[in-house]
Amino acid sequence: MPKELLSKTTTEVAKLIESKEVSPVDLTQSLLDHSHELNDKVNAYISFRDDAALAEAKVAEDEISQGNYRGPLHGIPMAIKDNIYVGGEVTTMASKIHGDFVSKDDSSVVNKLREAGIVLTGKLNMHEYAWGIDNNSPHFGSVANPWNADKVPGGSSGGSGAAVAADMSFTTLGTDTAGSIRIPSAACGLVGLKPTHGRVAKYGCFPLAWSLDHIGPMSKSVADAAATLQAIAGYDPRDPTSVEAPVSDYSAGLDSDPKGLVIGVEENYFFRDVDSPIEDAVRKQIDQLVSQGASLKTVRIPSLRHSEWTELATSLSEASAIHHTDLQNRPDDFGADIRFLFELGELFSSVEYLQAQQIRRQIKQEFTAALQEVDVIIAPTLPVMAPDIGSPTAQLNGQDVDLIDAFIRYTGPSNLTGLPALTVPVGLDDGLPIGLQIIGRAFDEAGVLKVGAQIERTNPMEGRRAPIGA
């Protein structure tokens, strides 16, 4: 099978599978061979499911040959982040403590992917317990960015980002508590969607912070993200945060134009302290949308100035509660970086946690008010470019800044509010991708996807792909 097929998008190769021009078995074997070949360099996979994947591919091929085609994910090989449970198989959370954990059941999203006919090729590397943004794991090693192997891929879904960018998975799922879908998607040149909180059920996904966690797609194109979201969206009563809301046709209207679109820009927060090439690329895309008929409006969200403390107070407190017993009984089995964070989380008082929730409510109200005036808010996804693996800092206009603080600064507010947020690639700086973020109204994933598709059609990446895997 031509290796070039692996570089196609999910929706492109789906048409070839549907028409029986491509065999799911051959495609899966090709992707597994390619992934095994690259994994020593990229380290995207924690584990492979070769035999199980080929058996699933054979079932998909037989179903399609009999005229039972299920849709655009049928027969598509993909891997998922290793904090999402596959029943009867090990899910490690990239940890030592859960290194041999086996769930009885599939997670909600894996169950839905199976219904869509996906072929599951393996589990992807991540930052331990999803609490980190560089994917430099003491237990499973660091993941390399396929655009430059010396750079971090972002995290915590770094293996997911690297796998799709290096053609080791056609599409995938990440989890996002402070940006962990959008950060690696931006750093690896992908489309990444954090849906509205409650849109995608989280049953069977190991939690980081209950009230902030999301699951969503990381893909090569907006159409791929739409198709993947279509498969996993929906209510599951086993997840108490799941919302019973109508699921849209996310692929409909992706060919719409920006005429009449009202774009909001929050200058005081989202364009403060951002690396100049990133700001230039994002503003260029806003200008292009305006030239095609969109309009621009400045919005004010004053409480954003408190969002970084609010995000950390919430996420650290909730994460520390989840890991409290293991922190007492097995502290040395955590990686040093996340052990420090979980211990730090135990220092927040109940008063501080509740104060954070009051600020959070205010931020959400201000976003809701702003989004009554505009259709979407556009911002950079990250204010800095991906640094070298192992670096605790990044460069912002020539100055060193703390990596964690910088990476979550623009993504964290959408976790606090639960609003949908999409990142799309909009160019390169020194060979590394730049991401633009689109924040929309609650449960309007269709709206943010349409804007993402409008940007994608301007071809800001000019067909350039990650060198590793190309």
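Residues numbered from 1 in each chain as written. Predicted model: local features only at pLDDT ≥ 70, side-chain atom pairs only at ≥ 80, totals over all residues. Heavy atoms only, no water.

A. Just the packing of aromatic side chains, in detail. For the coordinates displayed, the defined rule picks out eight aromatic pairs. When the ring of Y85 is compared with that of F101, the centres are 5.1 Å apart and the planes differ by 55 degrees; the resulting orientation is tilted. A residue pair is termed long-range when its members are at least 10 positions apart, and Y85 in the loop between β2 (77–81) and α4 (108–116) and F101 in the loop between β2 and α4 qualify at 16 residues. With a relative accessible area of 13%, Y85 lands in the buried category. The class of F101 is partly exposed, set by a relative accessible area of 25%. Among the aromatic side chains, those forming a connected cluster through ring pairs are Y129, F206, F334 and F342. Over the face of the ring belonging to F271 we find R283, whose NZ or CZ atom lies 4.1 Å from the ring centre. (Phe/Tyr/Trp six-rings, centres within 6.5 Å; stacked < 30°, edge-to-face > 60°. Helix = DSSP H or I, 4+ residues; strand = E, 2+ residues; numbered from the N terminus. Buried < 20%, exposed > 50% of the residue type's maximum accessible area, 1.4 Å probe, protein only. Lys NZ or Arg CZ within 6 Å of the ring centre and 35° of its normal.)

B. Highlighting the pairing of strand β12 (residues 393–396). Only one face of β12 is buried: it carries A394 and L396, and the other face, with T393 and Q395, is open. Inspection of the sheet shows β12 paired to strand β13 (residues 399–402) by four bridges, in the antiparallel sense. Its bridge partner being in β13, L396 is matched across the sheet by Q399. Between β12 and β13, which follow one another and run antiparallel, lie two residues, and N397 among them has a positive phi close to 50 degrees. (Pairing = 2+ DSSP bridges.)

C. Here's a closer look at the side chain of K220. Of note, K220 is situated in the loop between β8 (214–219) and α7 (222–232). Classification of K220 as buried rests on a relative accessible area of 19%. Among the polar contacts listed, one links the side chain of K220 to the backbone oxygen of L6, at a separation of 2.6 Å. There is a polar contact of 3.0 Å between the side chain of K220 and the backbone oxygen of K8. In this structure K220 touches L6, S7, K8, T9, V164, D167, S169, F170 and E456, once residues within four positions along its chain are discounted. (Polar contact = N/O pair within 3.5 Å; in protein donor to acceptor, adjacent residues only side chain to side chain. Contact = heavy atoms within 4.5 Å.)

D. Quick look at the nonpolar core. I378 and L449 are the most contacted members of the largest nonpolar core, which has 118 residues in total. Those residues within four positions of L449 in sequence are excluded, and the remaining contacts are L193, V222, A225, A226, L229, Y250, L254 and L422. Within the second largest apolar cluster, 17 residues are counted, among which are M93, I97, Y129 and F342. (Core = buried A, V, L, I, M, F, W, Y, C linked by side-chain atoms within 4.5 Å.)

E. Quick look at the side chain of Q285. Here Q285 lies in helix α9 (residues 276–291). Aside from chain neighbours lying at most four places away, what touches Q285 is V426, L436, I455, T458 and P460.

F. Expanded view of the packing of helix α10 (residues 307–329) against helix α12 (residues 350–373). Two elements in contact, α10 and α12, have axes whose closest approach is 9 Å; the angle formed by their N-to-C orientations is 130 degrees. It follows that α10 is oblique to α12 by the angle criterion. The two elements α10 and α12 meet at a crossing, and its hand is left-handed. Contacts between α10 and α12 pair S307, W309, T310, A313, T314, S317 and E318 from the former with E352, Y353, Q355, A356, Q357, I359, R360 and I363 from the latter. (Axes fitted to C-alpha atoms, helices over the stretch in contact; angles between N-to-C directions. Parallel < 35°, antiparallel > 145°, perpendicular 65-115°, else oblique. Left-handed = near helix turned anticlockwise from the far one by under 90°.)

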